Every structure is written in structure tokens, then in C-alpha cells.
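Results of the structural survey
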Amino acid sequence: MENQTQVLEPKKAIEKTTISGAEAVIKSLLEEGVKLAYGYPGGAIMPIYDEIYKYQDQFTHILTRHEQGAIHAAQGFARVTGKTGLVFATSGPGATNLVTGIADAQIDSTPLVCITGQVASHLLGTDAFQETDIVGISTPITKWNYQITKAEEIPSIIAKAFYIAKSGRPGPVLIDITKDAQMGSLDFSYEKCKGIRSYAPKPEMNIDQVKAAANIINSAKKPFIVMGQGVILGAAEQELKAFIEKSGIPIASTALGLSGLESNHPLNVGMVGMHGHYAPNVKTNDCDVLIAIGMRFDDRVTGDLNRYAKQAKIIHFELDPAEVDKNVKTAVAVLGDVKETLAALLPLIEKREHQQWHQEFKDLYAIEYDKVIKPQLEPTKEGLTMGEVIEGINKETNGDAVIVSDVGQHQMFACRYAKFTKTRSQVTSGGLGTMGFALPAAIGAKMGVPDREVIAIIGDGGYQMNIQELGTIFQTKIPVKIVVLNNSFLGMVRQWQELFFDKRYASTEMVNPNFVKIAEGYDITARKVSKREDLQEAIQEMVASKESYFLEVVIEKEGNVFPMVPTGAAVSECRLS
């Protein structure tokens, strides 16, 4: 018999082409499927912008009016799509203007890649014009950062950046590229990153932890679930829904977890936290089992930790091991991808209804409705309320809109009163509380989901922090709807001054410009409403518009947002007035 030898196909060589570092940046981004960026050019990043110009048929760049506007727009895009947002900025002030947005993205787990230009490598450390150590500055607020000084590093570092930003618990990554690296040449080839030594983006699920959690849940008499944004980030909405509908457990959400479960679901009892709903806050300190899913026990959720759910066994479903037992001691920690862990839990859970337990939530909701909600939605006083504005938007959108809120009283009213039917419909700055977030974030959100209505809810204070992004809307014609709730105060600070500082309104009253004229100056249709009889018709007109629209609603000057858990109080000490 003749010897038969196997003929092996030669491994296909990766094609290489000699190009500039700047072009390698754009080609690497296209390899990652990224075709949209927000940014602002400058000297140290000019070679990359020259390539953006050459690739404009394949790659879209949105020129914002400020780098902070660029990064918040990228955040809005990432939050509604689940994709990684991309930002460009130059060195020095361009890079430092990104810092607030980077910190915001880090604490709210938003995947971003920020690419900054840097002075030439031979000038590093010389205090050259517009040289700033952005790697050192951003180290505490990024998931990872890196400075590229050689062109040949660009493809592999960009691949690693996108892998790190999106994998596991998402977050921002910064790449600083020196100008000589942008102008240098390399033999370009690209390979996506599929793993990094010593980096484990998600822990392996331990089925024994899942079984232990199931045993506690099945024996509970008064179980309660608090879901966070981790459910949304992990695309586990359906697994969560199956779990709650089988277990019959009442569920509340953190501010960032809103829209992960539709607002009108019969098991949804509202929002927890400082300005959350009365029943879930009070019942946190009455339940016998507290099941936390994809949330981190932020201080705005827990109130006084020494008096938070001390009577309950706490089960924590969490991806990030660093969050487990950080603030609250757990009885069982179920580590892993929440989509996988909830799916493993479902067959182990007994079918229950907990009717009497649900009735206790309903009884407390009735108290809150009479004392807090009804006066907002059916006001008898002359001044318009924030609650009735949000309810008017609900009526026109049927809860299908993406609501992007800024930071302050209006934010809490939006969280409390906006209705959601789809996931990834609520976008706000949670952990950092960044005023000025909403206007640019709404631009990014609208570009991420162009077929959905995107409405920005903003206070008169936060609106003016990034009001220049009206110029971005003017140039791009992105049809964002903007609602400014104007009480001529920095409302949340004023509320604290009223309640805790004997009404000493120090530096909180605003003398505002003519917002309608400013919007019209940017060719945006604008309207101002101060009377109740005009409100709903104005909202109808705004929602019906196919173009951008600005609506200013003059609301009561000294309205407060309640319920409220004062700083240092237990969640069960939630105030209704």
C-alpha cells in the first residue's frame, strides 16, 4: 500500500498594507464595526481628523460644540444601543474636558472608547503647548487606559480597548496617541481581541450558590427584589420577567434600572431610593429576604447602612465581585452573568403568589397616592407641577419614548412619573449626578435609536451648562425634543435649603434668559407654556413634530419632590412631606 500523506492547506496570511498611524486608527475602528464618533478637533489630533475627512463616506463624525458635549452624546448612544460609544478630542484642554464624562461613564458602567491626541513623544514631560498627562489624570476613572507612542501599536491597542470597554462590567477606556505615532507608518493588519491574560471579565457561575439562593427564596414569607442596571447591561430582561412571574415576588428598581421591566407590570412596585416610592422603601426594612439583582447598594438606595434591611437575608446576583459585601453583607452571593444565573435559578423556584404581602405594598401606595401623587397629577393650585408635565408626555407617547433626564428635581420627577414599555428607555446620570448631561446625551440617544421618540427633560440650571449643544442640533438637524422645566431655581439644592437650612436660598435663584429666543436662534421651533390649559396641546405639538422642538414649561417656583429619605435616615423613615 502506498503511503498516503495528508495535504494541509497553508494558513492564509493576514494581508498587510503600509499606512499611516492615523489611517490605522480609522481602519481599526471600521474593523470593529464602529462608524460613528463624537468629538472636537485640535492640533495634536489633526492627522486623525484628516483621515476622518478621507473616510467620510464610511465613517460619520459629529462635531459637538464642547468636548463634554461629545462624551455625553457618546454616553447617550451607548446607553440606548448597548454598543460602545466613541469620542475624539485633542490634547490638553480637549482631553481634560472629557474628564467629567469619563467619570460619569465609569460609575454608571457605560462602555466608551475615548481617543485623545497627544504632543509628539519627544516632547512628553517638557510642558509643551497643550501637553497634559491625561493618562495620569484619567487612571482613577477609566476601566483601562494606554498611551501609544509608536504607530505599530495602534491596531492591537484599539482592539484591546474595545474588548475591555464592552466585556464584563462595561466602562470607559482612554487611548492617548502621540502625534508622531499618528504620522508614523506601519504594516497594517487587524485582529479583534478575544481575551487578555489575567483579565477575567465575568466570574464562572457556581450552581451551588444558585441552589442556596433558591432554597432561601422558596422558604421566604416576605421576599422583595431590587433590580439595577445590571439586568439591562446583561440583556437579562426576559430572564428576570420569567423569574418574578413564577416566584410572584414584588420588585422595585433603582433609578438606573428603570425600563428594564415595563412600568405597568403588576409585580412592579416602583423605585427605591432617596426619592423613590414609599412602599418599596418602607418594605425594604420589613421583608425577610431581599434579592438584589445587578445593583450595587448605592448610598442613595440604602440610606443609613446601619439600619438597612437588617431583618432580611440578602441575596446578591452580581457580575462584579468587588461589589459583593462592599456595602451590605450578603447571606448568599451569586456571582456571574445575570442572564445565565437567573436562567439557572428559574427551574429551582417554586410557583408562588404572595397575595397578602402584595396587599401591604398596595396599602402603602394608596397613602402615597393621596398625599403625594394625586396633588402632582391632579393639582388644584395655579402653578404647573413637574409631575403633570411628565404625565402629559406619557399620554402623548404611550410610554414608548426614550426619556433622557438631567440632574435635579426634574430628574427625580422623570424617574418617578415617566412610564416605560421598552428596555433602554431611561437615560440619566446616576452615580455622578452630572448637570448638563441631558441635552448632549439626548443627541446621542436619538442617533442610536432614530426611529424612536427621544425627549430630554431638563431643569433651567442644568440646561445652561451645555446649552451650546443646540449648535450641534442646528448643524446636524437631529430631531431631539427638549423640555425645560423652569422654576427659576436650582431646584434640588433649594429644596434642601428649605428643609434643612431654614430657607436660606444661598446662590440658588436663577435669573434666566429668554430660552425661546435662544432656541429660535438655532432654527429650532420653540414654545413657552405657563398655563395649565395650554400644556397638553403644546406637548401634542412637540411630539407630532418631525424636527427638533423646544418646549419651556414654567412650573411652580418652590415645588418639592417627595417622598424623600433624608441623608442619614433609614429607608423606612421615608418622608411624604
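In what follows, the accompanying structure is described. Because the structure is a prediction, the values reported are computed rather than measured.

1. Quick notes on the overall build of the chain
In terms of helices and strands, the chain carries 23 helices and 20 strands. A compact globule built from 577 residues should have a C-alpha radius of gyration of about 25 Å, and the chain, at 25 Å, falls within 12% of that. Its C-alpha atoms put the chain at 80 × 75 × 45 Å along the principal axes. The buried share of the chain, taken over its 577 residues, is 58%. Taking contacts inside the chain between residues at least 6 apart in sequence as the whole, the part at least 24 apart equals 77%. A total of about 24300 Å² of accessible surface is found on the chain, and carbon and sulfur atoms cover 50% of it. Mean positive and mean negative side-chain charge positions of the chain (59 and 69 charges, respectively) differ by 4 Å.

2. Comments concerning the sheet that holds strand β14 (residues 332–335)
The strand order β11-β10-β9-β12-β13-β14 describes an open sheet built from 6 strands, whose pairing is parallel. Each end of this open sheet is capped by a strand with a single partner; those strands are β11 (268–271) and β14. With strand direction ignored, the average angle separating the axes of adjacent strands in the sheet is 20 degrees. Contacts from helix α14 (residues 338–345) reach β12 (289–293), β13 (313–318) and β14, with the element oriented near 130 degrees to β13.

3. Some points on the packing of aromatic side chains
The tally for this structure, following the rule as stated, stands at 15 aromatic pairs. The interplanar angle of 45 degrees and the centroid separation of 6.2 Å between the aromatic rings of Y365 and Y369 together place this pair among those described as tilted. One end of the pair is Y365 and the other is Y369, both in helix α15 (residues 355–377) and 4 residues apart, which spans about a single turn. R494 extends its terminal NZ or CZ atom over the ring of F489, reaching a point 5.7 Å from the ring centre.

4. A few points about the pairing of strand β8 (residues 185–188)
Along any regular strand the residues' side chains alternate between the sheet's two faces. Taking every second residue as pointing to the same face, the buried face of β8 carries L186 and F188, while none of S185 and D187 on the other face is buried. Note: strand β1 (residues 17–20) against β8, 4 bridges, orientation antiparallel. Bridging across to β8, S20 finds its partner in S185.

5. Thoughts on the sheet that holds strand β20 (residues 549–554)
Strand pairing in a sheet relies on backbone hydrogen bonds, with the paired strands running either antiparallel or parallel. Reading across from one edge, β16-β15-β17-β18-β20-β19 is the order of the 6 strands in this open sheet, with parallel pairing throughout. With partners counted over all chains shown, the strands left at the sheet margins are β16 (426–428) and β19 (525–529), one partner each. The mean inter-strand angle of the sheet, taken between neighbouring strand axes irrespective of direction, is 15 degrees. Here 4 bridges tie strand β15 (residues 402–405) to strand β17 (residues 454–459), and the two strands are oriented parallel to one another. Following the sheet pairing, V402 is matched in β17 by V454.

6. Focus on the side chain of T330
Counting through the fold element by element, T330 comes out in the loop between β13 and β14. Residue classification places T330 among the buried positions, given a relative accessible area of 12%. Residues contacting T330, with those up to four places away along its chain left out, are I314, H316, V324 and D325.

7. A few points about helix α17 (residues 409–417)
Of all 9 residues in α17, 9 are buried; the element is thus mostly enclosed. When we look at burial in α17, the residues that qualify are Q409, H410, Q411, M412, F413, A414, C415, R416 and Y417.

8. What about the state of the cysteines?
Scanning the entire structure with this criterion turns up 0 disulfides. The thiol sulfur of C114 is not disulfide-bonded, and the nearest other cysteine sulfur, from C193, lies at 18 Å.

9. Section: the packing of α15 against α17
Helices that pack against each other are described as a pair by the angle of their axes relative to one another and the distance between those axes. With their axes 13 Å apart at the nearest point, α15 and α17 run at an angle of 110 degrees to one another. As far as their axial angle goes, α17 and α15 are roughly perpendicular. Seen along the crossing, α15 lies across α17 with a hand that is left-handed. Across from E368, V372, I373, Q376 and L377 in α15, the residues of α17 making contact are F413, R416 and Y417.

10. Quick word on unusual backbone geometry
Geometrically, the link from F562 to P563 is a cis peptide bond, its omega value of 0 degrees lying close to zero. The topology assignment puts P563 in the segment after β20. The residue D127 is not glycine, and still its phi comes out positive at about 60 degrees. Here D127 lies in the loop between β5 (112–118) and α6 (134–138). When its relative accessible area of 72% is taken as the criterion, D127 is described as exposed. Residue K503 is not a glycine yet carries a positive backbone phi of 60 degrees. With respect to the helices and strands, the residue K503 is situated in the loop between α21 (491–500) and α22 (515–521). K503 gets classed as exposed once you look at its relative accessible area, which sits at 53%.

Analysis parameters
Residues numbered from 1 in each chain as written. Predicted model: local features only at pLDDT ≥ 70, side-chain atom pairs only at ≥ 80, totals over all residues. Heavy atoms only, no water. Helix = DSSP H or I, 4+ residues; strand = E, 2+ residues; numbered from the N terminus. Rg over C-alpha atoms; globule rule 2.2 N^0.38 Å. Buried < 20%, exposed > 50% of the residue type's maximum accessible area, 1.4 Å probe, protein only. Contact = heavy atoms within 4.5 Å. Areas by Shrake-Rupley, 256 points an atom, 1.4 Å probe, with all protein chains shown as cover. Lys, Arg positive; Asp, Glu negative; His and termini not counted. Charge placed at Lys NZ, Arg CZ, Asp CG, Glu CD. Pairing = 2+ DSSP bridges. Axes fitted to C-alpha atoms, helices over the stretch in contact; angles between N-to-C directions. Phe/Tyr/Trp six-rings, centres within 6.5 Å; stacked < 30°, edge-to-face > 60°. Lys NZ or Arg CZ within 6 Å of the ring centre and 35° of its normal. Disulfide = S-S within 2.5 Å. Parallel < 35°, antiparallel > 145°, perpendicular 65-115°, else oblique. Left-handed = near helix turned anticlockwise from the far one by under 90°.

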